[in-house]
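Observations on chain architecture
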Amino acid sequence: MKQNYKKLSTKFLSIEKVKPYNEKIGEKYMNESQLTHFKNILESWKNKLISEVNKTVIYMQDEASNFPDPVDRAVQEEEFNLELRNRDRERKLIKKIKKTLKKIEDHNFGYCESCKIEIGIRRLEARPTADLCIDCKTLAEIREKQIAG
């Protein structure tokens, strides 16, 4: 399982152009250096998402046309709907990133909201907005599946 986190975190970090955190022996969990590392990751991610939102607005303004052909109009509307759905997902993600940045500011970041244990550096690098440890997340997903049917 640890190997998977390493692959995921390396992939995510390379997209955000941030180097993985190198833990030092005996280092305290979620010290200032680690908190700064995750704050940089989250700020970078948030800024990238905001930039994408702005690009979409400009794109939709520039590309908005009243096509005489109904098929062309339908294609454009569908394309815009898809873009708007993606931006809505990103808007929700930005909200979650802001919530996570607040947790960093309050020194409550990196601990499971359910059982209060350490989430872990590699898991957080793979998913910086994680608020559950892997065990609690697994249990939550099992409960979700049981409820869904």
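Residues numbered from 1 in each chain as written. Predicted model: local features only at pLDDT ≥ 70, side-chain atom pairs only at ≥ 80, totals over all residues. Heavy atoms only, no water.

1. A word on the UniProt feature "domain: Zinc finger DksA/TraR C4-type" (unreviewed entry) in the protein chain
In the UniProt entry, the feature "domain: Zinc finger DksA/TraR C4-type" (unreviewed entry) is given for residues 108-140. Structurally, residues 108-140 comprises 39% helix and 0% strand, and the distance from its first C-alpha atom to its last is 21 Å. (UniProt positions renumbered as here; feature names shortened; annotations may be inferred. Helix = DSSP H or I, 4+ residues; strand = E, 2+ residues; numbered from the N terminus.)

2. Details of the nonpolar core
Within soluble globular proteins, side chains that are nonpolar tend to cluster in buried spots. Met 30, Phe 38, Ile 104, Phe 109 and Leu 124 are the most contacted members of the largest nonpolar core, which totals 23 residues. Of all the elements in the fold, those that place two or more residues in this core are helix H2 (32-63), helix H3 (70-105) and helix H4 (121-126). Residue contributions to this core peak at six residues, all from H2. Leu 124 has contacts with Tyr 29, Met 30, Phe 38, Phe 109, Gly 110, Ile 119 and Ala 130, leaving out every residue within four places of it along the chain. (Core = buried A, V, L, I, M, F, W, Y, C linked by side-chain atoms within 4.5 Å. Buried < 20%, exposed > 50% of the residue type's maximum accessible area, 1.4 Å probe, protein only. Contact = heavy atoms within 4.5 Å.)

3. So, the UniProt feature "binding site: Zn(2+)" (unreviewed entry) in the protein chain
UniProt annotation of "binding site: Zn(2+)" (unreviewed entry) refers to Cys 112, Cys 115, Cys 133 and Cys 136 when read in the numbering used here. Spatial clustering of the annotated residues is evident: they stretch over 25 residues in sequence, but the largest pairwise C-alpha distance comes to 8.1 Å. With respect to the secondary-structure elements, Cys 115 resides in the loop between H3 and H4. Excluding residues that lie within four positions of it along the chain, Cys 115 makes contacts with Cys 133 and Cys 136. Note on placement: Cys 133 falls in the loop between H4 and helix H5 (134-148). Cys 133 sits in the buried class, given a relative accessible area of 4%. In this structure, Cys 133 is in contact with Cys 112, Cys 115, Ile 117, Glu 118, Ile 119 and Arg 123, ignoring residues within four places of it in sequence.

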